[in-house]
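# Observations on the three-dimensional arrangement
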Amino acid sequence: MDKLAVDGGAPVFSAPYPSIRNAAGRTIGAEEMAAVADVMNSGCLAYIYGKYVGQFEEDFARLIGVKTAVATSSGTAALHTALIYLNPEPGDEVIVSPLTDMGSVIPVVSQLAVPVFVDVDPFDQNIDPKAIEAAITPRTKAIIVTHLFGAPADMDAIMAIARKHDIFVIEDCAQAHLARYKGRTTGAIGDMACYSFQQSKHITTGDGGMVVTNQDGKFGRALRLCMDKGWPRDRPGRDHLFLAPNYHMTELQAAVGVAQLRKLPDVVETRRRVAQLLDAEINQMPSVRLLGVRPNCEEVRWAYAFTLDLARLTVPGAKVVEALRAEGIDCFLGYPGQVPLYRYPMLKDRLTFGSSGWPFTLPGVLTQQDFGASLCPIAEAACLSTVVLWWTERITEADARRIGAAIRKVIGNYEA
Ligand SMILES: Cc1ncc(COP(=O)(O)O)c(C=O)c1O
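Residues numbered from 1 in each chain as written. Predicted model: local features only at pLDDT ≥ 70, side-chain atom pairs only at ≥ 80, totals over all residues. Heavy atoms only, no water.

Bringing the packing of aromatic side chains into the picture now. Considering all chains together, one arrives at 17 aromatic pairs under this definition. Taking 5.5 Å as the distance between ring centres and 45° as the angle between the ring planes, the aromatic pair formed by phenylalanine 332 and tryptophan 390 counts as tilted. Of this pair, phenylalanine 332 sits in strand 13 (residues 331-333) while tryptophan 390 is found in strand 14 (residues 386-390), placing the two residues 58 residues apart along the sequence. Connected via pairs of aromatic rings, a cluster forms that spans Phe149, Trp302, Phe332, Tyr335 and Trp390. The cationic tip of arginine 221 hangs over the ring face of phenylalanine 242; the distance from NZ or CZ to the ring centre is 3.6 Å. (Phe/Tyr/Trp six-rings, centres within 6.5 Å; stacked < 30°, edge-to-face > 60°. Helix = DSSP H or I, 4+ residues; strand = E, 2+ residues; numbered from the N terminus. Lys NZ or Arg CZ within 6 Å of the ring centre and 35° of its normal.)

This is the structure in structure tokens:
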């Protein structure tokens, strides 16, 4: 067996393969440059007087198949806009996955709603409908469904539960641009959906986001007011109808977004095809388990993730990742990290508003969760056994074969 790079052997990759961090791994070219130049030459960098934000919103709504799309400054801002639209009472509850970006939870807490964490399904590490149903209380207002790594969650079951209990569903599509669920595009299934265009996403505007819905005005509010200071700009004069932040996307971001969006279908297709080639390279290993994709669904592989059967290995997951990194594989252990979200200080120590501990300490809160290691056992185990590789559409089939060889080399060395 070849000596591992971590033990002083030659690494499989002596030069890096394309990464989300630089030009080699991003599909950014003349179209984006021309659009940015157009904005600069126009002298109008703000959405209020410009044309690109409106165009990006229209193009995006058409592609997803929804009536309304509102561009925001980030994915977190998009989710916060959705929460402001929903307008929960302080202490209302929102069910969330422990395996998602903190950007799914910050908006809940910022809106003084209580995030209630429920465990995931080991099949795909998406939020488990059975756990959702068990967590519903009279104060449950919404469910945020993250389609993790780009694979659609069990939306039929989740929508049935939501309809039965009259609960709002927000799809978090930050990692699932153009994923398909039983013939429908994710983002057009729930009541609302949010997207991120941060650097690592399928398309990027640096930072940026989009919130989409078919239900604009359901709560008597236009979605745009919820990210624009509550200011109805379609009326003369100045007015501020309710508390709302300024989460504008700039014309520069939107110009890049318009150009990026045209490339999205190809980007998604390439990411999936090359990732499936890598699947075939490693799925025979006894200690490797690929994450599941539900029947009649198309995943879009934001990141490339697989799970280790630690009982079959002589070392912990962290050592496997250290050895893979030494071979030149751009990877990390566990998503969002080696513990689920609720164990980060913001939530565990309730570091929110001064020393108040709000919203967790508000009067009338029904669900009091202990943010310790026993809250979501499946998510806890996933964080210690899942290897996550950064993935991009610029990784070639040849790169994928070598990545597969590096994974086989490392794991083969550590299989018992
Ligand atoms: C699932 C998920 N939700 C929310 C976010 C937040 O998006 P942003 O980083 O653009 O604020 C991200 C991205 O990082 C994400 O992956």
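Among the 7 residues of strand 4 (residues 140-146), 6 are classified as buried, and the element is accordingly described as predominantly covered. Across 3 bridges, strand 2 (residues 93-96) lies against strand 4 in parallel orientation. Pairing of valine 94 across the sheet is with alanine 142, part of strand 4. Note: strand 4 against strand 5 (residues 168-172), 5 bridges, orientation parallel. (Buried < 20%, exposed > 50% of the residue type's maximum accessible area, 1.4 Å probe, protein only. Pairing = 2+ DSSP bridges.)

Taken as a whole and assessed by the stated rule, the structure comprises 29 salt bridges. A salt bridge links arginine 26 to glutamate 393; its shortest N-O distance comes to 3.6 Å. Here glutamate 393 lies in the loop between strand 14 and helix 11 (397-414) and arginine 26 lies in the segment before helix 1 (30-42), a separation of 367 residues in the sequence. The buried category is assigned to arginine 26, whose relative accessible area is 3%. Owing to a relative accessible area of 9%, glutamate 393 belongs among the buried residues under this scheme. Between arginine 312 and aspartate 309 there is a salt bridge whose closest N-O contact spans 3.2 Å. On the basis of relative accessible area, arginine 312 is assigned to the partly exposed category, the value being 41%. Under the relative-accessibility criterion, aspartate 309 is labelled partly exposed at 33%. Each of Asp121, Asp124, Asp154 and Arg294 takes part in one network of salt bridges that share partners. (Salt bridge = Lys/Arg side-chain N within 4 Å of Asp/Glu carboxyl O.)

Next up on the list: the sheet that holds strand 11 (residues 297-298). An order of 7-6-11 is seen for the 3 strands of this open sheet, with the pairing classed as antiparallel. Two strands close off the open sheet at either side, each with one partner strand: strand 7 (184-185) and strand 11. Here strand 6 (residues 180-181) runs beside strand 11; their pairing, made up of 2 bridges, is antiparallel. In the sheet register, arginine 180 faces strand 11, and the bridge partner there is glutamate 298.

Turning our attention to the environment of arginine 180. Along the chain, arginine 180 falls in strand 6. Judged by relative accessible area, which is 29%, arginine 180 ranks as partly exposed. Those residues in contact with arginine 180, other than ones at most four positions away along the chain, are Pro152, Thr185, Asn296, Cys297 and Glu298. (Contact = heavy atoms within 4.5 Å.)

Quick look at the packing of helix 2 (residues 52-64) against helix 7 (residues 251-282) now. Two elements in contact, helix 2 and helix 7, have axes separated by 8 Å at closest approach and are oriented at 30°. As judged from the angle between their axes, helix 2 and helix 7 are roughly parallel. Considering how the two elements wind past one another, helix 2 and helix 7 form a crossing that is left-handed. Two secondary-structure elements touch here, helix 2 through Tyr52, Val53, Gln55, Phe56, Asp59, Phe60 and Leu63 and helix 7 through Glu251, Ala254, Ala255, Gly257, Val258, Leu261, Arg262 and Leu264. Of the residues assigned to the contact of helix 2 with helix 7, the class counts are 10 nonpolar, 2 polar and 3 charged. (Axes fitted to C-alpha atoms, helices over the stretch in contact; angles between N-to-C directions. Parallel < 35°, antiparallel > 145°, perpendicular 65-115°, else oblique. Left-handed = near helix turned anticlockwise from the far one by under 90°. Nonpolar A, V, L, I, M, F, W, Y, C, P; charged D, E, K, R; others polar.)

Moving on, we get to the pairing of strand 12 (residues 303-308). Successive side chains on a regular strand alternate, one facing one side of the sheet and the next facing the other. Taking burial as the measure, the 6 residues of strand 12 include 6 buried ones, the bulk of the element. On strand 12, burial covers both faces: Ala303, Ala305 and Thr307 on one face and Tyr304, Phe306 and Leu308 on the other are all buried. Strand direction decides the pairing type here: strand 10 (residues 288-290) and strand 12, joined by 3 bridges, are antiparallel. Across the sheet, residue valine 288 finds its bridge partner in strand 12, namely leucine 308. With 5 bridges connecting them, strand 12 and strand 14 associate as antiparallel partners. Following the sheet pairing, alanine 305 is matched in strand 14 by valine 388.

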